[in-house]
Amino acid sequence: MATTVNDLIRAAIATSRHNVRDGTASDAELIALMGDLLEQYMTEGAALNRRFFGARFVVAFDTSLGGWRRPSEATRVDYMLAGTGMQNSSGSPIPQGTEIIDLPIDQRSTEQGRPAVYQWGQVWYPAGRPSDPVSGELVVLGSRRPIRPETVDSPIDPLWPEMHNPLLKWNLALYLAQKDGERDAEVALFTRLRDEAHALFVAFLKAESTTEVRAYGHGGFFPDPGVSPR
C-alpha cells in the first residue's frame, strides 16, 4: 500500500511528546509543507539524475503561437522527439521518434539537415530551415514536478522512492520542533537526522543504476564502471 501524507504526519508527530496533532501545526499546513518538500527534493533529484524522476510530455503545435509551449510540469528537459503528425516546412513527414534538436537562436545554421527548433520565452519555434518541423506533436522527455497532495489521505507521488520517506518525516519533525519553540535539543537532533537522510538520498540518485550503455559521456552523475571512489 502506498504511503500517504497521513502516514508521514503520524510518524513525525511521534518523534516528540511535545507534538499535538492538528495543534502544533494544522494538517492543512503540513499537507502544504509536504508538497513543498516533494517539489524541492524531486527538483534536486532531477539535477542529480536525469532519468529517475523522468516523464514523457506530448505537446501539440500551437498555431496561435507558431510553436510548441514548454510543458509547465517539466522541471528539466533532456530530449525531444517527433510525435504524431509532424511535418517539416517542405511538407514532408518527419518519422515518429526522430530526434528534434534544440539550437540557440544565434546558431540556427548549424546541424544542417537535422530537424531543429529554438526556444524563446518557454516556446519552441521552428528553426526556419527546410528540414525543420512546423506542425504536429512534439514529444518532450524530461523530469516532472511532483503531484502535490491535497488531503491527508493523498498518496505520496508514485515517483518518490519510499525508501527515502525518512527524509520527508525528519523535515516534518524539524518543522514542528522549530514552530513550537524552546525545543533546541530536538531541533539540533532532527536537523542532523534530516541531513543524514538527505545525504543518503543524494548518494542513491548518483548511483541508483550503472546499466546505461553510452558511446560517450556519462549521462549525468552515473559513475564510470570500474572506477572506485577513494
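Residues numbered from 1 in each chain as written. Predicted model: local features only at pLDDT ≥ 70, side-chain atom pairs only at ≥ 80, totals over all residues. Heavy atoms only, no water.

**Considerations on the overall build of the protein chain**
Each helix and strand in the protein chain was counted, giving four helices and nine strands. Traced from its N-terminal end to its C-terminal end, the protein chain shows the element sequence α-α-β-β-β-β-β-β-β-β-β-α-α. For 230 residues, the compact-globule estimate of 2.2 N^0.38 gives 17 Å, and the protein chain exceeds it by more than 25% at 22 Å. In the protein chain, which comprises 230 residues, the proportion classed as buried is 42%. Restricting to contacts in the protein chain with at least 6 residues of sequence separation, those with at least 24 account for 65%. Here the protein chain has roughly 12400 Å² of accessible surface; of this, 52% comes from carbon and sulfur atoms. Placing the 23 positive and 29 negative side-chain charges of the protein chain at their respective mean positions leaves the two points 4 Å apart. (Helix = DSSP H or I, 4+ residues; strand = E, 2+ residues; numbered from the N terminus. Rg over C-alpha atoms; globule rule 2.2 N^0.38 Å. Buried < 20%, exposed > 50% of the residue type's maximum accessible area, 1.4 Å probe, protein only. Contact = heavy atoms within 4.5 Å. Areas by Shrake-Rupley, 256 points an atom, 1.4 Å probe, with all protein chains shown as cover. Lys, Arg positive; Asp, Glu negative; His and termini not counted. Charge placed at Lys NZ, Arg CZ, Asp CG, Glu CD.)

**Topic: the sheet that holds strand S1 (residues 54-60)**
On the basis of which strands lie adjacent, the open sheet formed by three strands has the order S1-S9-S3 and antiparallel pairing. Edge positions in the open sheet fall to S1 and strand S3 (74-82), since each of these has one partner strand only. Taken over all neighbouring pairs, the strand axes of this sheet differ in orientation by 30° on average, direction set aside. Inspection of the sheet shows S3 paired to strand S9 (residues 137-144) by seven bridges, in the antiparallel sense. Bridge pairing in S9 links Ala74 to Arg144. Contacting S3 and S9, helix H2 (residues 27-48) crosses the sheet at an angle of about 50° to S3. (Pairing = 2+ DSSP bridges. Axes fitted to C-alpha atoms, helices over the stretch in contact; angles between N-to-C directions.)

**Remarks on the nonpolar core**
Core analysis: the biggest nonpolar cluster contains 34 residues, and Met34, Ile156, Trp160, Leu168 and Leu172 have the highest contact counts within it. At the level of secondary structure, the elements contributing two or more residues to this core comprise helix H1 (5-13), H2, helix H3 (165-180) and helix H4 (184-206). Ignoring sequence-local partners within four residues, the contact set of Met34 consists of Val5, Leu8, Pro149, Ile156, Leu168 and Leu172. Among the nonpolar cores identified, the runner-up in size contains 14 residues, and Ala55, Ala74, Met86 and Ile94 belong to it. (Core = buried A, V, L, I, M, F, W, Y, C linked by side-chain atoms within 4.5 Å.)

**Some details on the layout of surface pockets**
The calculated volume of the largest pocket comes to roughly 210 Å³. Around the largest pocket sit 13 residues that line it, and Asp78, Glu99, Ile100, Ile101 and Asp102 are the ones nearest its centre. Within the residue set of the lining of the largest pocket, elements represented by two or more residues are S3 and strand S5 (101-102). Among the elements that line the lining of the largest pocket, the one with the most residues is S3, at four residues. Among the residues forming the lining of the largest pocket, the class breakdown is seven nonpolar, one polar and five charged. (1 Å grid on protein atoms, 1.4 Å probe; cavity = no way out; pocket = protein on both sides within 12 Å on 5 of 7 lines; lining within 4 Å. Points joined across faces, edges and corners; volume = space filled by probe spheres on them. Nonpolar A, V, L, I, M, F, W, Y, C, P; charged D, E, K, R; others polar.)

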